[in-house]
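Inside the fold
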Amino acid sequence: ADRPEGTWISDAIQRAYLEASYLHWGDPANNPTSAVYGGRMVHVPECAAWTWDARTGQSSWDDRYHAMYGFAPNQPRTHDAWVGRLHPEDRPRVLARLDDVLRTPGDDEWDMVFRAVRPDGGVVWIQGLGRAERDAAGQVVRMAGINLDITERKQVEEALRESEERYRALFEQAADSVVLFDVQTGAMVEFNDQAHQNLGYTREEFARLTVPDYEVIESPQMFAEHCARIVREGAHTFDTKQRTKGG
């Protein structure tokens, strides 16, 4: 039978793993602030603890973990219950990774990102971190670790991806030439097909140029002054005339 609810903390290996995890992720050097969503990569107070005995199949986890998956308060804390919550699209991959750990001595790290489906149909993104403990013969005795709810992070990443896709579509499909360049050197960073085709260059040829290479009106010094103003003011409009590959 599975351990009674609330006895997970008595497991020494899980307690040791949690202490090490809190120390590791509590150090800002290991847990920097994300440039994407503004918070720490791992929010330590929200870590949910778990342990699984590979010999008996017994599982145990804390109340935070229980709530993360949407389990009912009195629902047994079993390995099968966890498997049943895994998203159908992610379940084969997660279980295959678990099988790899069980079969491969030395392959002890558990670091998986997957989805779980709650009873109300809600989907939660989870990052599981843990480690396997083996006996002298190399067989897994148990695994223990933490789960992190990274749903908000995934939502931000998805919104950013969709925004980038919209930008890419507008960038590539624009009827006019669009060029992004390094304001320090004038070197090409990115450009659409119209930019190099209008001047008669191949993409590879155009990528090797700097703006002063095909600019007719502005001298390199004048171009540099325009760039400095863009950096200083955030925007600047000026006329330009460009030379084609054929002159």
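Residues numbered from 1 in each chain as written. Predicted model: local features only at pLDDT ≥ 70, side-chain atom pairs only at ≥ 80, totals over all residues. Heavy atoms only, no water.

1. Some points on the pattern of salt bridges
Applying the stated criterion across every chain yields a total of 15 salt bridges. Here Glu89 makes a salt bridge to Arg115, at a shortest N to O gap of 3.0 Å. Of the two residues, Glu89 sits in the loop between helix H3 (79-85) and helix H4 (91-103) while Arg115 sits in strand E3 (residues 109-117), which places them 26 residues apart along the sequence. A relative accessible area of 16% means that Arg115 is categorised as buried. For Lys154, the salt bridge is made with Glu157, and the minimal N-O distance between the two is 3.9 Å. Remark: Glu157 and Lys154 occur in helix H5 (residues 151-173); sequence separation between them is three residues, near one turn of the helix. Judged by its relative accessible area of 26%, Lys154 is partly exposed. (Salt bridge = Lys/Arg side-chain N within 4 Å of Asp/Glu carboxyl O. Helix = DSSP H or I, 4+ residues; strand = E, 2+ residues; numbered from the N terminus. Buried < 20%, exposed > 50% of the residue type's maximum accessible area, 1.4 Å probe, protein only.)

2. Some points on the pairing of E3
On any regular strand, side chains alternate: one points to one face of the sheet, the next to the other face. Bridge analysis of E3 against strand E4 (residues 123-134) gives nine bridges, and the strand direction is antiparallel. Of the residues in E4, the one forming a bridge with Met112 is Gly128. (Pairing = 2+ DSSP bridges.)

3. Observations concerning H4
Here H4 contains 13 residues, and its C-alpha end-to-end distance of 18 Å stays within 8% of the 18 Å for a straight helix at 1.5 Å per residue. Every buried residue belonging to H4 is among Val94, Arg97, Leu98 and Val101, and all of these are buried. Relative to the axis of H4, the buried residues are bounded by an arc of 100 degrees and lie together on one face. Pointing more than 90 degrees away from the buried face of H4 are the exposed residues Pro92 and Arg103. (Expected span 1.5 Å × (residues − 1). Arc of directions from axis to C-beta.)

4. Comments concerning the environment of Ala67
Checked against the element boundaries, Ala67 lands in helix H2 (residues 63-68). Since its relative accessible area comes to 52%, Ala67 is described here as exposed. Each C-alpha atom, one on Ala67 and one on Ala48, is 9.3 Å from the other, the two residues being 19 residues apart in sequence.

5. A closer look at H5
Under the 1.5 Å per step criterion, the end-to-end length of H5 is 33 Å for 23 residues, consistent within 8% with the ideal 33 Å. Buried within H5 we find Thr151, Arg153 and Phe171. The secondary structure elements touched by the buried residues of H5 are E4, strand E5 (140-149), strand E6 (179-181) and strand E7 (188-191). (Contact = heavy atoms within 4.5 Å.)

6. Topic: the environment of His87
Note on placement: His87 falls in the loop between H3 and H4. Separated by 37 residues in the primary sequence, His87 and Val124 place their C-alpha atoms 9.2 Å from one another. Beyond its immediate chain neighbours, meaning those up to four positions away, His87 contacts Arg115, Ala116, Val117 and Val123.

7. What about the sheet that holds strand E1 (residues 48-53)?
Taken together, the five strands give an open sheet; going across it, the order is E2-E1-E5-E4-E3, and neighbouring strands pair in antiparallel fashion. Two strands in the sheet have a free side with no partner beyond their single neighbour: strand E2 (59-61) and E3. Pairs of neighbouring strands in the sheet enclose a mean axial angle of 25 degrees, with direction left out of account. Strands E1, E3, E4 and E5 of the sheet are contacted by H4, whose axis makes an angle of about 155 degrees with E3. The sheet strands contacting H5 are E3, E4 and E5, and the helix crosses E4 at an angle near 125 degrees. (Axes fitted to C-alpha atoms, helices over the stretch in contact; angles between N-to-C directions.)

8. A closer look at the packing of aromatic side chains
For the coordinates displayed, the defined rule picks out nine aromatic pairs. Centroid distance Trp82 to Phe114: 6.5 Å. Interplanar angle 85 degrees. Geometry classified as edge-to-face. With a gap of 32 residues between them, Trp82 in helix H3 and Phe114 in strand E3 connect regions that are remote in the sequence. The structure contains a cluster of three or more aromatic residues connected by ring pairs, namely Trp61, Tyr65, Tyr69 and Phe71. The ring of Trp125 has Lys154 lying over it, and the distance from NZ or CZ to the ring centre is 4.7 Å. (Phe/Tyr/Trp six-rings, centres within 6.5 Å; stacked < 30°, edge-to-face > 60°. Lys NZ or Arg CZ within 6 Å of the ring centre and 35° of its normal.)

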